[in-house]
Amino acid sequence: MKHVILGNGPAGVVAAEALRAQDKDCEILMVGCEGLPPYSRMAIPYLLEENIDEHGTYLRKKKGHFEALRIDQKNARAASVDATKKMVHFADNSVESYDRLLIATGSHPVRPPIPGLDLPQVQNCWTLEDARAIAKLTKPGSRVVQLGAGFIGCIIMEALAKRGVELTVVEMGDRMVPRMMTPKAGGMIKQWVEEKGIRVRTEAKVEKIEPVGAAPAAQQESSGFFSKLVNTLTGGGSKEAPSAPAAHEGPVSVTLSTGEVLEVDVVIVAAGVKPNIDFLEGTGVKVEGGVIVDAGMRTNVADIYAAGDVAAGLDFFTGEPMVSAIQPNAADQARVAAVNMTGGNTELPGVLAINVLDTLGLISTSFGQWWGDEDGDSVELVEESKYRYISLQFKGDVLIGATSIGRTDHVGALRGLIQGRQELGEWKQRLMENPAAFYEAYIAVTQPTALARNVA
C-alpha cells in the first residue's frame, strides 16, 4: 500500500507518523514544495522576535527523524491529480502513483487587488522566506503598515512591535479580529493595542501603494527609451549610456480609503488566507471554501482524504462545512485520516471553533458558535477599565459559544461545556445573571457529586 501525502506542514507530518504507527510495512511519501524541512508557520512570529532561530521552527528537530520512520520525502508542487489512474502530476513533470492520497496542502496568503502590491517593500508573512525578507527590511524605528488585524495579523503585529517598529494596522472590519471576537470584544482589543502605541485604522482599506520620490511613469518610459536608443547607436558598449531605472528601494506612500496618506518603509500583507486547491480542478473532488470531507476525513472521491487548513470538515453544531485553520484541529484530522487510510473506521465528532490569542499581553479566547444563534439567548459582562469581558451564547439550555478577554483561570471550562453539549438546567439562569460563574456551572453539571462535597 502506497500513501502519498501532499503537504508537509503539521497535518502532513502528523498523518505520516500516524500512518507508520498504523502500518509498519506501507510505503509513505510526504511531499513539500518549499525545499525546507517541515516547519510550523505559527512559529514564524517567534523567529521574527528572535526568540528562536530557523531550526526552532522545524516540526521535528531530531536529525534523521523521518528516515528512521521510513517516511520518504519529495520536494515538488502538485499540478494535477488523475483520480481515475491514481496519479499525481507535479510541476517539475514528475509523477507519483498512490493507493491512498491525503490532501494536506494548507493555504496561501490572500493578495488583495491593490496597485503597488508587487513592490519590493511589500511582503507577506507566511513562509520562512517571507520572514527572512521582513527581518532584513525592518529594524527599530522602521515605519510599517500592516494590512489586516485578524487572528494571524494580530500574531504578526506582536512580532513587529517587539522588533521596535512604528506600526500602523489597517483593518477592513469594524473591529480587530472580527472573525473571532464580538463587536465589544474586538473594540476592547483595539483600545488595548492603541494604548501600547500601535495605530489602528478600522473600517479602512489600502487604496494604493506608490514609491516616494520615484520618477513618474511617463518619465521612466522616456528614460528607458533613451537608454535603448543610445545603446543601439553605440553598439551597446558605451559605459556612459544611461541605464534603465533600478527598482525603487526607498519609502513608499500608502493611501487609505479614509483619505489618509502614510509614508512608510515596509508594508506587511496579512489579509487572510485561502486553501491550496487549484491542482484539484477536474478531479471531481468537491470543494466549497475548502475540500469537503466527512467525519472520517474522506472526500467524495474514493481513496482521497483531506486534513488541516485545506479541509472543510463538519461544524460541531450545524453540520455545515467549516475550515478551522488551527494546528490542534489539523493534528486531530490528520490522525483520523491516517486511521481510515489504513483500513480503520474512526470519526471526529465535528469541528469546534477554538481561538486563543495573546495580543501584546492581553489574552482573548472564543469557542464554538461565539456569534450566537438567532433563536438563542445571550449574555455579556463588560469590565472595560480592567480589560475583562465575557460573552455566553445559548441554544435552549445548552452553551454553544463563548468569548472572553482577560480571563485565564479555568477558561477551558467554557470549551468543556460547549464540547460536551451539557444541559445546564437551572445553571442557565444563573449564568444569565452572572456569566463569570461558568466554572462553577461546569463543575455542577459535569461533577455534581464533587460540587456537593465542596458545598458540604
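It should be noted that the structure appears before, not after, this text.
What you see is a predicted model, and the numbers here were worked out from it, not measured in a lab.

J.: Sorry, what's going on with the overall build of the protein here?
T.: Scanning the protein from N- to C-terminus turns up 12 helices and 26 strands. Its C-alpha atoms put the protein at 100 × 60 × 40 Å along the principal axes. Buried residues in the protein amount to 49% of all 456 residues. The long-range share in the protein, meaning contacts at least 24 apart out of those at least 6 apart in sequence, stands at 64%. Counting every atom, the protein has about 21,600 Å² of accessible surface; 49% of that belongs to carbon and sulfur. Seen as two clouds, the 45 positive and the 57 negative side-chain charges of the protein have centres 4 Å apart.

J.: Even after reading the chapter, I still don't get the sheet that holds strand β12 (residues 199-202), so can you show me in this structure?
T.: Whether parallel or antiparallel, the strands of a sheet pair through hydrogen bonds between backbone atoms. One open sheet accounts for five strands, arranged β9-β16-β10-β11-β12; its pairing is parallel. Either end of the sheet is taken by a strand with one partner, and the two such strands are β9 (122-124) and β12. Averaged over all pairs of adjacent strands, the angle between strand axes in this sheet comes to 20°, irrespective of strand direction. As defined by bridge partners, strand β11 (residues 166-171) adjoins β12 across four bridges and the pair is classed as parallel. Looking at β12, one finds that T168 is bridged to R199. The sheet contacts of helix α4 (residues 128-137) involve β9 and β16 (266-269), and relative to β9 the element is tilted by about 140°. Sheet strands touched by helix α5 (residues 151-162): β10 (143-147), β11 and β16. Its angle to β10, the strand with the most contacts, is close to 170°.

J.: What is the right way to look at the sheet that holds strand β6 (residues 95-97) in this model?
T.: As summarised here, the arrangement of the three strands in space is β4-β5-β6, forming an open sheet in which the pairing is antiparallel. Of all the strands in the sheet, just β4 (78-82) and β6 have a single pairing partner and so form its edges. Direction aside, the axes of adjacent strands within the sheet are offset by 20° on average. Summarising the sheet, β4 and strand β5 (residues 87-90) pair through four bridges and their orientation is antiparallel. By the bridge assignment for β5, D82 is matched with M87.

J.: What am I meant to see in the side chain of R20 here?
T.: If you trace the backbone, R20 turns up in helix α1 (residues 10-22). Although R20 lies buried, it forms no salt bridge, and the closest oppositely charged side chain, D23, sits 5.2 Å away as judged by the N-O distance. Within the structure, the side chain of R20 is placed 2.7 Å from the backbone oxygen of L69, a separation counted as a polar contact. If we ignore the near neighbours within four places in the chain, the residues touching R20 are D25, C26, I28, L69 and R70.

J.: Would you mind showing me how to read the nonpolar core here?
T.: Burial of nonpolar side chains together is a common tendency in soluble globular proteins. Judged by nonpolar contacts, the single largest core of 51 residues is most densely connected at L6 and L102. The set of elements that each furnish at least two residues to this core consists of β1 (2-6), α1, β2 (27-32), β4, β5, β7 (100-103), β19 (304-306) and α8 (327-341). If we ignore the near neighbours within four places in the chain, the residues touching L102 are V4, I5, L6, A15, Y305, A306, A307, A337 and M341. I44, L128, I134 and V165 belong to the second-largest nonpolar core, a separate cluster that totals 40 residues.

J.: What is the right way to look at α5 in this model?
T.: The periodicity of an α-helix, 3.6 residues per turn, causes residues three or four positions apart to be oriented the same way. Taking 1.5 Å of rise per residue, 12 residues should cover 16 Å, and α5 covers 17 Å from first to last C-alpha, within 8% of that figure. Burial in α5 covers these residues: G153, C154, I155, I156, M157, E158, A159 and L160. Remark: G164 follows α5 within two positions and exhibits a positive phi of approximately 85°.

Conventions adopted
Residues numbered from 1 in each chain as written. Predicted model: local features only at pLDDT ≥ 70, side-chain atom pairs only at ≥ 80, totals over all residues. Heavy atoms only, no water. Helix = DSSP H or I, 4+ residues; strand = E, 2+ residues; numbered from the N terminus. Buried < 20%, exposed > 50% of the residue type's maximum accessible area, 1.4 Å probe, protein only. Contact = heavy atoms within 4.5 Å. Areas by Shrake-Rupley, 256 points an atom, 1.4 Å probe, with all protein chains shown as cover. Lys, Arg positive; Asp, Glu negative; His and termini not counted. Charge placed at Lys NZ, Arg CZ, Asp CG, Glu CD. Pairing = 2+ DSSP bridges. Axes fitted to C-alpha atoms, helices over the stretch in contact; angles between N-to-C directions. Salt bridge = Lys/Arg side-chain N within 4 Å of Asp/Glu carboxyl O. Polar contact = N/O pair within 3.5 Å; in protein donor to acceptor, adjacent residues only side chain to side chain. Core = buried A, V, L, I, M, F, W, Y, C linked by side-chain atoms within 4.5 Å. Expected span 1.5 Å × (residues − 1).

So far we have only geometry, and geometry alone does not tell us how the molecule works.
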